[in-house]
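Listed below, chain by chain, are the residues.
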Amino acid sequence: MKRYAVIGNPIGHSLSPAMHNAAFKELGVKAAYEALEVERLDRAWEHLRKTYSGINVTIPHKVEILKYIDEREMAVDLIGAVNCVEFGDVVRGYNTDMYGAVEALKTEVPKLRNKRVLVLGAGGAARAIVYGCLLEGMKVSVLNRTVEKSDELAMEVEEKLSKRISVVPEALLDKTDILINATSVGMAPKVDASPLTSSIPSNVVVMDIVYNPLETKFLKQARAAGARTIDGAEMFVRQGAESLRIWGYDPPVDAMRRAVLKALGGR
Ligand code: ATR
C-alpha cells in the first residue's frame, strides 16, 4: 500500500489527512495519508524517503526541505518554498499553492487574463498568489500593513519575472475586479477582524485564504454587498488536488471539498 503524509510542527489540526483519504476512498485506491509531526527534518529525512511515495510539507519545513530536493519545478524557484514532494528515483519538489490559488479563482472567473486583482498581504501565501496571477496575465496590486514587505515582493517579482506589480497604500476598489485576502486576519479566534474596512462594490469577486472559519467577516462583508465570493476551502482543496495529480491520481475535487467541509464543521 502506498503511503503519503503531511509533515510539519505542529500538525495536529491539519485537514489534509481527511481530504486525501476521502480522495483515495472515492478513487478506490489502496493508499493511506497521515499527519506526521516532524521536529527535525534532518533526523526524519531517511525515514520519510524510505516510507512514503510522496509528502506534503508545511510550517516550519517548507524552505529547509529545499536542500533535500534533486529536481524542482519553476513554481518552487519563484515562491522559494516546497509544499509537495514526490519520491521516485529522484526527489522532486513542487509548490502547489500557486496552482491552488489560480484554480480557486477560475471557479468564479474562468478568464483571468487582464483582470485586475488586489492582493491584501505580502507573506508566503500572498507571494504564491501574486506569482500565480502574474503567470495568468493578470494586473496585480498589493496592499500590505508593512509597506517594506510589499516593496520587497515587488522588487523580487521584477527580478524573477521581469513583470511589475503595483504596491498601493489603500484599497481602490473601483479599479479592482478581484480582491483577495492573503493575510491571516479573520482567522479563529479573532473572527471579528477583517482586513478591509472600506465597502466592497458588488461587481468585485472576493476570495479569502482563511478557512477557519469558512465564513469570515471579510466574506460576510462581501456577500452583504452582493459580491460573489470564493472561500478558503476552495484554495486548500485545489492545492491538495494538484498534489494528487503530481502523485499520479485524478483528483475527485468534489469528494475532497465535502471531506474538508465536514472536518471543518466537526471542530
Ligand atoms: P503566510 O505564510 O500565511 O502568508 P506570513 O508570511 O506570516 O504568513 O504573512 C502574514 C501576512 O498577514 C502578512 O502580510 C502580514 O502583514 P505584515 O507583513 O504587515 O506583518 C499580514 N497580517 C497578519 N496580521 C495582520 C494584521 N493584524 N493586520 C494586517 N495584516 C496582518
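Calculation rules
- Residues numbered from 1 in each chain as written.
- Predicted model: local features only at pLDDT ≥ 70, side-chain atom pairs only at ≥ 80, totals over all residues.
- Heavy atoms only, no water.
- Buried < 20%, exposed > 50% of the residue type's maximum accessible area, 1.4 Å probe, protein only.
- Helix = DSSP H or I, 4+ residues; strand = E, 2+ residues; numbered from the N terminus.
- Arc of directions from axis to C-beta.
- Contact = heavy atoms within 4.5 Å.
- Near = heavy atom within 4 Å.
- Polar contact = N/O pair within 3.5 Å; in protein donor to acceptor, adjacent residues only side chain to side chain.
- Pairing = 2+ DSSP bridges.
- Domains from an automatic or database assignment.
- Buried area = accessible area lost by both parts, 1.4 Å probe.
- Salt bridge = Lys/Arg side-chain N within 4 Å of Asp/Glu carboxyl O.
- Nonpolar A, V, L, I, M, F, W, Y, C, P; charged D, E, K, R; others polar.

For the rest of this paragraph, the subject is helix H7 (residues 217-224). Of all the residues in H7, the buried ones are Phe218, Leu219 and Ala222. Down the axis of H7, the sector holding all buried residues measures 95 degrees, keeping them to one side. The inward-facing, buried residues of H7 contact strand S7 (116-120), strand S10 (178-181), strand S11 (205-208) and strand S12 (229-230).

Take the site of the ligand next. Around the ligand, the surrounding shell consists of Gly121, Ala122, Gly123, Gly124, Ala125, Asn144, Arg145, Thr146, Lys149, Thr183, Ser184 and Val185. One nitrogen or oxygen atom from the main chain of glycine 124 is found 3.1 Å from an oxygen atom belonging to the ligand. The side chain of lysine 149 places a nitrogen or oxygen atom 3.1 Å from an oxygen atom of the ligand.

This part covers the side chain of asparagine 83. Note that asparagine 83 resides in the loop between helix H3 (74-79) and strand S5 (84-87). A residue is classified by how much of its surface remains accessible, and asparagine 83, at 4% relative accessible area, is buried. In this structure the side chain of asparagine 83 is engaged in a polar contact, spanning 3.2 Å, whose partner is the side chain of aspartate 97. With residues near it in sequence (within four places) discarded, asparagine 83 still touches Ile55, Asn56, Val57, Lys62, Tyr94, Asn95, Thr96, Asp97 and Gln239.

What follows covers the sheet that holds strand S2 (residues 31-37). Strand pairing in a sheet is mediated by backbone hydrogen bonds. Such pairs are either parallel or antiparallel. Spatially, 6 strands are ordered S2-S1-S3-S5-S6-S4 in an open sheet, and the strand pairing comes out mixed. Each end of this open sheet is capped by a strand with a single partner; those strands are S2 and strand S4 (71-72). By the bridge criterion, 2 bridges tie S4 to strand S6 (residues 91-94) in an arrangement that is parallel. Bridging across to S6, glutamate 71 finds its partner in arginine 92.

The next thing to look at is the domain arrangement of the protein chain. What the domain assignment lists for the protein chain is domain 1 (2-96 + 234-263) and domain 2 (109-227). Computed over C-alpha atoms only, the centres of domain 1 and domain 2 are separated by 25 Å. Contact with domain 1, which involves 8 residues of that partner, is made by 12 residues of domain 2. Taking both partners together, domain 1 and domain 2 bury about 810 Å²; carbon and sulfur atoms supply 83% of that area. Ranking the residues of domain 1 by area buried against domain 2 places Leu78, Ile79 and Met235 at the top, with a combined share of 64%. Taken together, domain 1 and domain 2 are joined by 0 salt bridges. At the level of secondary structure, the elements contributing two or more residues to the side of domain 1 that touches domain 2 comprise H3 and helix H8 (232-246). With 4 residues, H3 is the single largest residue contributor to the side of domain 1 that touches domain 2. Looking at the side of domain 1 that touches domain 2, its residues break down into 7 nonpolar, no polar and 1 charged.

Moving on to the pattern of salt bridges. According to the stated counting rule, one finds 18 salt bridges in the structure shown. Put simply, aspartate 177 and arginine 116 hold a salt bridge, and the shortest N to O gap is 3.2 Å. Note that aspartate 177 is positioned in the loop between strand S9 (166-167) and S10 and arginine 116 in strand S7, a separation of 61 residues in sequence. Judged by relative accessible area, arginine 116 falls into the partly exposed class, the value being 35%. Of the charged contacts, one joins glutamate 156 and lysine 160 as a salt bridge, the two residues approaching to 3.5 Å between their closest N and O atoms. Placement of the pair is glutamate 156 and lysine 160 together in helix H6 (residues 147-161), with a separation of 4 residues, close to one helical turn.

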